[in-house]
Amino acid sequence: MRIFSSVMELKAARGEHLGYTEWRPVTQERIDGFADATDDHQWIHVDPERAKDGPFGTTIAHGYLSLSLLPSFMAELVRVDGLAMGINYGLDKVRFPAPVPVGARIRAGAELLDVKGTPAGYLAKVRMTVEVEGGKRPACVAETLSLYVPAGSD
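Residues numbered from 1 in each chain as written. Predicted model: local features only at pLDDT ≥ 70, side-chain atom pairs only at ≥ 80, totals over all residues. Heavy atoms only, no water.

K.L.:
I would appreciate a short explanation of the nonpolar core in the present structure.
P.N.:
The nonpolar side chains of soluble globular proteins are, as a tendency, buried together. L10, F73, V100, I106, L112, M128 and V130 are the most contacted members of the largest nonpolar core, which totals 34 residues. When residues of this core are traced back to their parent elements, those giving at least two are α1 (7-11), α2 (28-38), α5 (63-68), α6 (70-77), β4 (78-80), β6 (105-118), β7 (121-132) and β8 (140-150). If near-sequence neighbours (up to four positions away) are discounted, L10 is found in contact with F4, V80, L112, V115, A124 and Y148. (Core = buried A, V, L, I, M, F, W, Y, C linked by side-chain atoms within 4.5 Å. Buried < 20%, exposed > 50% of the residue type's maximum accessible area, 1.4 Å probe, protein only. Helix = DSSP H or I, 4+ residues; strand = E, 2+ residues; numbered from the N terminus. Contact = heavy atoms within 4.5 Å.)

K.L.:
What should I look at first to understand α6 in this one?
P.N.:
Along α6, the positions that sit buried rather than exposed are L70, F73, M74 and L77. Down the axis, α6 shows its buried residues gathered within 100 degrees of arc, on one side only. (Arc of directions from axis to C-beta.)

K.L.:
In this structure, what is going on with the side chain of R24? I would like to understand it.
P.N.:
Along the chain, R24 turns up in strand β3 (residues 24-25). Within the structure, R24 has its side chain in polar contact with the side chain of S72 (distance 2.9 Å). Within the structure, R24 has its side chain in polar contact with the side chain of E76 (distance 3.1 Å). (Polar contact = N/O pair within 3.5 Å; in protein donor to acceptor, adjacent residues only side chain to side chain.)

K.L.:
Looking at this structure, I do not really get unusual backbone geometry. What am I missing?
P.N.:
The phi torsion of most residues other than glycine is negative, and most of the peptide bonds are trans. Residue D39 is not a glycine yet carries a positive backbone phi of 60 degrees. Structurally, D39 can be placed in the loop between α2 and α3 (43-46). On the basis of relative accessible area, D39 is assigned to the exposed category, the value being 64%.

Next up, the structure:
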């Protein structure tokens, strides 16, 4: 984990790769739980028998499941001290170049693209890349936006 003592120290790291998370397994239970939470029960995600004959030969994780893990991946990679709060502000570009088959392991890498001052705080843009272990292409590439509000900036 990279620990920054302040937003200004984070800002000084623009352009740097922030590291990689640990590998995480993607189980059918996780996929099914995501399907239940989002009401997305498409057979390529939740029907292992039918998926055997489908385009991927097995069930695959929802693209949005990979995307939904980005905040927890980020928390594993980066901590910024001296904040009143940090919030997810949104996303810019998001792509899902490759599927995540059930049983695969994924991890994320992060690159700090920019940190800009705003009236509300500092807006950090980080390119998160979710990799599938042994895969040739990433499962998800997203530019995340986080708003960091320094302590004492009510």
